[in-house]
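# Notes for the structure review
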Amino acid sequence: MKAIKKNAQITGSSSHKSRSFSEILEAATSRRVVLQGGVGLAVLGVFGRPLTLKAQDNGDPDATEPLMNFTPVTVANAATQRNWPLISEDYEYELLFPWGDPILPDGPVFAHPPSPDDQAQQVGVGHDGMWYFPHPEDFPAETDEDDSDDDGSTDDDPTPEELEQLRNSRGVLVINHEFGSNSRVLGEDLPLSLDDVRTSQHAHGVSVVNIERIDGKWQIVEGDNARRIHVNTPVTFSGPAAEHDLLKNRDEYEPEGTLNNCANGYTPWNTYLTCEENFHQYFSEAPYSAENSRYGLSYTSGDSYGWFRRDSRFQLSSPFYRNEANRFGWVVEIDPHDSSQVPVKHTSLGRLKHEGAAVAVGLDKRVVVYMGDDSQNEYIYKFVGEESYEDIIARGESPLASGKLYVARFNEDFTGEWVELTIENDDLASEFDDQADLLVHARMAGDEVGATKMDRPEWITVAHDEQVYCALTNNSSRSETDSANPEAPNVYGHIIRWKDSEMHTGTTFEWNIFKLASETQTTEEMFGSPDGLWADPDGRLFIETDGTQGGVTDSRTICNQLLVADTNTGEIRRLFTGVDGCEITGIAFTPDQKTMFINVQHPGTGNYESSQSEQEFPGFDGPNVPRDCTVVITRKDGGIVGS
């Protein structure tokens, strides 16, 4: 950034000052109506229907079949069972891939604490976002006319039915590993050696595993593409900041690693996007500056992990690694099918504490990526590619390497603008040296253009009707009250949705509130702190939680949970609940939607000593230590999950 502005007010000097979400929603209060037969109040929004109105047939010939027919887990049952998961009686689940399992069948078995070399060959800790990719060979192949039958197939080709079965029973699962405390990974508060640091580092990152359903059970199988990507894995950069001085260290140390991998995305060209969130908590001895402060980097920000004590790469006072923290906070693209491909960090998408990267295809087949910055009073962003992603791929380039980055401004009349973050904006040109500087400090650019401060924007998902949903988890710092916000502070969180003009590529949008969690607290739909989201092609919204579930306005408390909402009616049903201390996160589906994968993160306290004798879940062979794991969910009748 320009030197004269190094210690300027973080909110900047633009005429568009950042506004709290409560200020905007207060102006919308007059639009709220009481719905007869509903669960409470709802916004009568721009999408043409009251959001919590319950669908009733009443002989209506246009009434549609309900999207959800399963029996939900009740609050009463969930409140009495906390040491083992509960699932709807219409469903069943299996547990697999706990932290420490080898990523190949003949890999090292789990021991506690693991060695650095073993952990680099094992599933990491802190399971979070993930996605399932069928193998490319399980799709119809193009054939030469001379070798094909009349229908274009060859004698040796699998039938369409066989290919469909293969796509849904074998593939690649890519899993993020967000974090793991020293007490859990090492059994001690701080690393005592460089080996300890390496073990902790190798437990972070991403696992790429080949999985197959054999005799009705999913398991890890062989595959040349299996790999662990962690803090010490070589990476590269694309986009305007790729070669910039802000990403260079002394002696041209090559960029390495990804960490604090939270939510995710997946692209139409079958690559995986992993998102770096709270990277600040690994770096210490950061010199004070407005930029470092804005990203949470301080002299002591990395003390809890303590890596900097043994690895100077995470010591920002080191002259060799002065810009190392600038190399984190990006969206990283991974090829799940080719382990020779180096992960790419795309600087065009901006540096922030990325929760996820929801991909859509806009007009002219331009790729669009929606992103939330998961901190209190942070912003929602959108990236729009320059041209058809198919044309870019045909040239051998990445569709994410260049494009425009926008930040959202929500207006009180249920409209909004996507404000471009570009050095061509006079307000931004006076604050940043160039476009690379702006992207490295995207948060500060959002401040300057008056982006709307949100209540921890987490997962974002794009629905079949092009509406975009975002989980706003909570905000303990909120002090203002109004009838549209949950509470001040915002204890419960809410889910917002919007629809862009021009099919994702426009610079304006309309928005409303899909669900205020506060309104569910005394009902069977009770939830709080929405986090993970995924919208299926049929109109269901899967909601995962990470925070208090009840117990504030109601004495009932349950563990974090997975719920399913009908986006047409607003109805919510509880599908699954976890165990004490855990977060429910990660969402992936097979293409037929009949198998769902979720994750149970940090079960119990996550502390080795206190849980050693008490921990039952997940009950795998080996040391009795809390272990994150993946849960496979299916309907007993073989139907679509969520139905």
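Up top is the structure these notes are about.
Read on for a plain summary of the structure. For clarity, every value in this text was computed on a predicted model and none was experimentally measured.

Calculation notes
Residues numbered from 1 in each chain as written. Predicted model: local features only at pLDDT ≥ 70, side-chain atom pairs only at ≥ 80, totals over all residues. Heavy atoms only, no water. Pairing = 2+ DSSP bridges. Helix = DSSP H or I, 4+ residues; strand = E, 2+ residues; numbered from the N terminus. Axes fitted to C-alpha atoms, helices over the stretch in contact; angles between N-to-C directions. Buried < 20%, exposed > 50% of the residue type's maximum accessible area, 1.4 Å probe, protein only. Contact = heavy atoms within 4.5 Å. Polar contact = N/O pair within 3.5 Å; in protein donor to acceptor, adjacent residues only side chain to side chain. Core = buried A, V, L, I, M, F, W, Y, C linked by side-chain atoms within 4.5 Å. Phe/Tyr/Trp six-rings, centres within 6.5 Å; stacked < 30°, edge-to-face > 60°. Lys NZ or Arg CZ within 6 Å of the ring centre and 35° of its normal. Salt bridge = Lys/Arg side-chain N within 4 Å of Asp/Glu carboxyl O.

## Structural notes on the sheet that holds strand β23 (residues 468-472)
Taken in spatial order, the 9 strands make up an open sheet running β15-β16-β18-β19-β20-β25-β24-β23-β22, and their pairing is antiparallel. This sheet does not close on itself; its edge strands, each paired only once, are β15 (358-361) and β22 (457-462). Shown here is a sheet whose adjacent strand axes are inclined to one another by a mean of 30 degrees, direction ignored. By the bridge criterion, 5 bridges tie β23 to strand β24 (residues 494-500) in an arrangement that is antiparallel. Across the sheet, residue tyrosine 469 finds its bridge partner in β24, namely arginine 497.

## With respect to the environment of tryptophan 131
Position of tryptophan 131 among the secondary structure elements: in strand β5 (residues 127-134). For tryptophan 131, a relative accessible area of 10% translates into the label buried. Separated by 77 residues in the primary sequence, tryptophan 131 and valine 208 place their C-alpha atoms 10.0 Å from one another. Tryptophan 131 has contacts with Val172, Leu173, Val174, Asn264, Tyr266, Tyr272, Trp534, Ile587, Ala588 and Phe589, leaving out every residue within four places of it along the chain.

## Overview of the side chain of glutamine 521
Mapped onto the secondary structure, glutamine 521 falls in the loop between β25 (508-516) and β26 (530-535). Of note is the side chain of glutamine 521, whose polar atom sits 3.4 Å from the side chain of threonine 520.

## Brief notes about the nonpolar core
Ranked by size, the top nonpolar core spans 66 residues in total, and within it Leu173, Leu541, Phe542, Leu562, Met596, Phe597 and Ile633 carry the most contacts. Excluding anything up to four places from it in sequence, isoleucine 633 contacts Ile87, Tyr91, Glu92, Tyr93, Leu562, Leu575, Phe576, Lys594, Thr595, Met596, Ile598 and Val641. Membership of the second largest hydrophobic core comes to 46 residues, among which are Ala286, Leu352, Leu400 and Ala451.

## Some words on the environment of glycine 551
Take glycine 551: it is sitting in the loop between β27 (540-545) and β28 (561-566). You can call glycine 551 partly exposed: its relative accessible area is 39%. In sequence terms glycine 551 and glutamine 521 are 30 residues apart; their C-alpha atoms lie 8.7 Å from each other. Once residues within four sequence positions are removed from consideration, glycine 551 is found in contact with Arg556 and Thr557.

## What to know about the pairing of β27
Within β27, 6 of the 6 residues are buried, which leaves it mostly tucked inside the rest of the structure. Burial of the side chains of β27 extends over both faces: Arg540, Phe542 and Glu544 are buried on one face and Leu541, Ile543 and Thr545 on the other. Two strands pair when backbone bridges link them, and β26 and β27 are joined in this way by 4 bridges, in the antiparallel orientation. When the sheet's bridge partners are listed, leucine 533 is paired in β27 with isoleucine 543. Linkage of β26 to β27, two consecutive antiparallel strands, is achieved through a turn of 4 residues, within which glycine 539 is found at a positive phi near 110 degrees. Across 5 bridges, β27 lies against β28 in antiparallel orientation. From the neighbouring strand, leucine 541 faces β28, where its bridge partner is alanine 565.

## Some words on the packing of aromatic side chains
Throughout the structure, instances matching the rule amount to 35 aromatic pairs. Ring centres of tryptophan 418 and tryptophan 498 lie 6.1 Å apart, and the angle between their planes is 70 degrees; this geometry places the pair in the edge-to-face category. Here tryptophan 498 lies in strand β24 and tryptophan 418 lies in strand β20 (residues 415-420), a separation of 80 residues in the sequence. You can call tryptophan 498 buried: its relative accessible area is 0%. Lying over the aromatic face of phenylalanine 139, arginine 167 brings its terminal NZ or CZ to 5.0 Å of the ring centre. The ring of tyrosine 295 is capped by arginine 351, whose NZ or CZ atom sits 4.2 Å from the centre of that ring.

## What to know about the sheet that holds strand β10 (residues 236-238)
Pairing within the open sheet is mixed, and its 5 strands lie in the order β10-β14-β13-β12-β11. Both outer strands of the open sheet, β10 and β11 (261-266), are each paired with one neighbouring strand and no more. The average undirected angle you get between the axes of adjacent strands in this sheet is 30 degrees.

## A few points about helix α6 (residues 194-203)
Burial analysis of α6 places 7 of its 10 residues in the buried class, which makes it a mostly covered element. Every buried residue belonging to α6 is among Asp196, Val197, Thr199, Ser200, Gln201, His202 and Ala203, and all of these are buried. Just downstream of α6 lies glycine 205, where phi reads positive at about 105 degrees.

## Describing the pattern of salt bridges
Inspection of every chain in the model, using the stated rule, returns 26 salt bridges. Residues glutamate 378 and arginine 294 are paired through a salt bridge, measuring 2.6 Å at the closest nitrogen-oxygen approach. One end of the pair, glutamate 378, is in strand β17 (residues 376-378); the other, arginine 294, is in helix α7 (residues 290-294), and 84 residues separate them in sequence. Summarising the burial analysis for this pair, glutamate 378 and arginine 294 share the class buried. Aspartate 374 is the partner of arginine 456 in a salt bridge, and the nearest nitrogen-oxygen pair spans 2.9 Å. Highlighted residues: arginine 456 in the loop between β21 (454-455) and β22 and aspartate 374 in the loop between β16 (366-372) and β17, separated in sequence by 82 residues. The two residues arginine 456 and aspartate 374 agree in class, both being buried. A single salt-bridge network, built from bridges that share partners, covers Arg294, Asp373, Glu378, Arg443 and Asp447.

## Comments concerning unusual backbone geometry
With an omega of -5 degrees, the peptide bond between histidine 112 and proline 113 qualifies as cis. Mapped onto the secondary structure, proline 113 falls in the loop between β4 (91-96) and α3 (116-119). Of note, the phi angle at asparagine 260 is positive, near 50 degrees, even though the residue is not glycine. Mapped onto the secondary structure, asparagine 260 falls in the loop between β10 and β11. Within the chain, lysine 365 stands out as a residue other than glycine whose phi angle is a positive 60 degrees.

Don't take any of this as a statement about function, it's just geometry.
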